[in-house]
Amino acid sequence: MVTYVYDFTEGDKSMKDLLGGKGANLAEMTRLGLPVPPGFTISTQACRAYLRDGAVPDSLADEVSTALSAVEEQMGRTLGNAEDPLLVSVRSGAKFSMPGMMETVLNIGLTDESVRGLAQVAGDDRFAWDSYRRLIQMFGKTVLDLDGDLFAGALDALKVERGVTADVDLTAEDLRGLVTTFKAIVRENTGSDFPQDPRTQMDMATEAVFRSWNTERARIYRRRERIPDDLGTAVNIVTMVFGNMGDTSGTGVCFTRDPSTGHSGVYGDYLPNAQGEDVVAGIRNTLSLSALEERDKISYDQLREIMRTLETHYRDMCDIEFTIERGKLWMLQTRVGKRTAAAAFRIATQLEAEGLINADETLVRVTGDQLTQLMFPQFDASAPKELLTKGMAASPGAAVGVIVFDNAQAEAAAREGRKCVLVRRETNPDDLPGMVAAEGVLTARGGKTSHAAVVARGMGKTAVVGADTLLIDATAGTVRLGDRVLTGEDTLAIDGQTGEVFIGDVPVTDSPVTTYLSNGLEAGLVAAGDDEGTHELISAVDRILTHADEVRRLRVRANADTPTDSRRALEFGAEGIGLCRTEHMFLGARRPLVERAIVSEKGSEERQKAFDELEKLQKSDFLEMLEVMNGRSMTVRLIDPPLHEFLPDLTSLEVDVAVERATKGTVDPDKEEMLAQARRLHEQNPMLGLRGVRLGVYMPGLFELQIRALCEAAAELVERGLDPRPEVMVPLVGSVRELALIRESAETIVAEVEADRGVDLSGVTIGAMIELPRAAMTAEDLATEADFFSFGTNDLTQTVWGFSRDDVEGVFFPEYIEAGIFGVSPFETIDVHGVGAVVKEGVTRARSTKPDIKLGVCGEHGGDPASIHFFHEVGIDYVSCSPFRVPVARLEAGRATVGERLAE
């Protein structure tokens, strides 16, 4: 029989799959002897059963009753007892942190009777009625699915009526009346009274948490963070402890290190006389954690000691939620904290220096996505700027865009290609779509642990919070600062590193990290100027990336088609060129030569003249690139696109000829011949037509001119004492005979150039690009004619899925991702179960013939962090990606090696 409920004493941090992150960590803190309120966790298995069957498992009620009885016995109170009530919170907790995306309900167990008992036991009427109104407000919004503005509006109206601005200024009688108002809102909008049975409250809240797994905001967050949809959430039933019992009580969130910068110290937010939701919701501007030391030094010192204990135990920066109830400290949650990219690199190297982790563990603590964020541009320090205000730097970056006030405006701007900044008084989980669409987020309220700050850091989105000089009226569409009024017509620039907010567009410059990656450590430090924090960051990146280069098995090349791209690739650390696309060299001023070759008769002198001219131009292209790549491999893909791409558009040509015939009575013979060729070569599905190797076989001399140009360029460089290493790659191969024909021709050309120039070109290798399922499934045969293979995963994804990339990505992919058919586009991250399986089979078959055959990947997947780990796993030798992604690929290749090592 399946067990669905686990007491906090029965778990530990390794049980996240079953207990979720929050439940596993509550159990771990209990095991460590820290002050955790008693409670239990309903497992993710129960959630999955509920989502599957539409009802809770039959045995769950009895298990919950048993676990609840144990808590009641431990506390000496019963749930909702009229005289001395036990109250509980019902909290979500998935395996992976999803801050603010799912539901929480506090103060479960309060009723019209038990609220009086709570007031008497606590000796504080105001506290009791405040707790009850919070329960009805949260229950109504999260469990009964009522509009939260109904309750917030009633609360705001009461404060206006009483002439106060803060919730804490309302009296017990005010709150008693507010409870009556809230209950009326529930009755009017649901047709039923607020439930007065405590167990009913708890069971309904539990089901609401289960349902919240599939809310729109939760699904959006999972898609963005690539969290599987089938995990479900656990539910944690925790004895309530109260931070709203007066001045000796409070609640807060703290970090063992600064989540924005990584610097060690005291970081966090604290609110006296408040409950936890007040902190993360950002509805009140918080105090710094240091304020707690002044108010309650005993609790502060105990908290600092627990922070050190948890960071040492978890060997990482921890995010901690706590409550102080009349001077007694309680720990409500801990988890490995979300952090900015800069903080991730700094914290990893700090923990290594402190001896908590080793170099391998340091490497796996950072990601390629985080390195990418550090390479983003930042505001130009020398540019003129008009400072509007300054808030709290919550998530670094430089974001510029027009002001938008809600999800609809942000998403509309994104669709129109306009950059925008989402401006809110405070954000809540429902604002996630707008945060995703915007370049950055600016709020008037909240601190570093508010919803806006936590979610923005997790997404790598620039954020400035707590800019409390701004008066934001989303309904009116205005932002006011004194006499100044801004609207959606205005542009803001926000600096997530400093918290500064500027009016108008501000130019950006390269990040010092990018300068370091392309020009070396010294250049990066110079670019950082006197900023010691950036010096520390660049040194951390250098330390980690150096270790990645030392341990990685995968080599990293770049996709480059020009000498400039080639030089940039080397600057970023590429070890060669994995894909040089020669078709780009046939465009522009050279296009007429290609047209002449196509129109001319096969074997004609005119065609040969066009080929000869193209060969000279190609040699010049290859000569410069091979020289840049001296001593490094350069894989040259022979011309791949269909011939029609080099001819005028068929429809335009037909119209042109028809107009000329109608107006002049005759047509230029050359134009008629061009039209005839365009009609003959026109294809309904050109991506699967006359292209790649088929073109080389169909049009003798085309591939040969390219191969000869490459060999002549290599021979010239050998004569100059250089070390060119060209590799000839034949595209779209499906048959071993196709490859054999091209190889035979290539070997003849190599031998001729060797004889003519008196040089050794034995280093020229010949291979195939694997873009068709048939090529992968017959790789053991193709390997007899190949020195190497490179998997072209862009086209392989098209041919495995039957997609035309240019046609499908903007048409139905959004619906496929929304429906969960894709977690992410298969053109972005390798489809492991489909395309990946074809790659793996190709690797196995190729090595069954040639165990040492060199195997690479040259699609865009070669720079995707998740895909790189897969390529490492299946035994690929190198990946090739755009120059800018080379550092990311180097880092992830190292992480793949270390991850495998640590898992052993």
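Residues numbered from 1 in each chain as written. Predicted model: local features only at pLDDT ≥ 70, side-chain atom pairs only at ≥ 80, totals over all residues. Heavy atoms only, no water.

## Let's talk about the pairing of strand 30 (residues 854-857)
Note the threshold: Strand pairing is defined by DSSP finding a minimum of two bridges between the two strands. Elements are defined by DSSP. Helices are runs of H or I of four residues or more, strands are runs of E of two residues or more, and each kind is numbered from the N terminus. For the handedness criterion, the strands are oriented away from the viewer, and a crossover whose path from the first strand over the helix to the second runs clockwise is classed as right-handed.
Of the strand pairs in this sheet, strand 29 (residues 788-791) and strand 30 are connected by four bridges, and their pairing is parallel. Residue pairing across strands places serine 790 opposite glycine 856, the latter belonging to strand 30. Of the strand pairs in this sheet, strand 30 and strand 31 (residues 878-881) are connected by two bridges, and their pairing is parallel. When the sheet's bridge partners are listed, glycine 856 is paired in strand 31 with tyrosine 878. Between the parallel elements strand 30 and strand 31, the chain passes through helix 36 (residues 865-874) in a crossover that is right-handed.

## Topic: the packing of helix 24 (residues 605-628) against helix 28 (residues 702-719)
Rules: Convention adopted: a line fitted to C-alpha atoms gives each axis, helices being fitted over their contacting stretch, and angles between N-to-C directions are expressed from 0 to 180 degrees. In this scheme, roughly parallel covers angles under 35 degrees and roughly antiparallel covers those over 145, while 65 to 115 is roughly perpendicular and the rest are oblique. Left-handed describes a crossing in which the near helix is turned anticlockwise from the far one by less than a right angle; the clockwise case is right-handed. Note on contacts: a residue pair qualifies if any of its non-hydrogen atoms lie within 4.5 Å across the two residues. Classification used: nonpolar for Ala, Val, Leu, Ile, Met, Phe, Trp, Tyr, Cys and Pro, charged for Asp, Glu, Lys and Arg, polar for all others including Gly.
As a packed pair, helix 24 and helix 28 sit with axes 8 Å apart at the nearest point and diverge in direction by 45°. Accordingly, the angle class assigned to the pair helix 24 and helix 28 is oblique. Relative to helix 28, the crossing made by helix 24 is right-handed. Across the interface between the two elements, Phe611, Leu614, Glu615, Gln618, Lys619, Phe622, Leu623, Leu626 and Glu627 from helix 24 touch Leu702, Leu705, Gln706, Arg708, Ala709, Leu710, Glu712, Ala713, Ala714, Glu716 and Leu717 from helix 28. Broken down by class, the residue content of the contact of helix 24 with helix 28 amounts to 12 nonpolar, two polar and six charged.

## Structural notes on empty space enclosed by the protein
This is how it is decided: Using a 1 Å grid laid over the protein atoms alone, points where a 1.4 Å probe fits but cannot get out form a cavity; open sets with protein on both sides within 12 Å along at least 5 of 7 lines form a pocket; any residue with an atom within 4 Å of a point counts as lining. Grid points are joined across faces, edges and corners, and a volume is the space filled by probe spheres set on the points.
Under the defined criterion, the tally for this structure stands at four cavities of 30 Å³ or more. By volume, the second largest cavity is sized at about 60 Å³. In terms of lining, the second largest cavity is formed by Phe586, Val594, Ala597, Ile598, Phe611, Leu614, Ile639, Leu643, Phe646, Met699 and Leu702. Where the lining of the second largest cavity is concerned, the elements lending two or more residues are helix 23 (591-599) and helix 24. A total of three residues in the lining of the second largest cavity trace back to one element, the largest contributor, which is helix 23. Looking at the lining of the second largest cavity residue by residue, the class counts come to 11 nonpolar, no polar and no charged.

## Brief notes about the state of the cysteines
For clarity, the cut-off: Disulfides are defined in this document as cysteine sulfur pairs within 2.5 Å. Relative accessibility under 20% of the residue-type maximum defines a buried residue, over 50% an exposed one, and the middle range a partly exposed one, all with a 1.4 Å probe and only protein chains included.
On inspection of all chains with the given rule, the structure shows zero disulfides. Lacking any disulfide linkage, cysteine 580 is separated from the closest cysteine sulfur, that of cysteine 858, by 12 Å. In this structure cysteine 580 comes out as buried when scored by relative accessible area, which is 0%.

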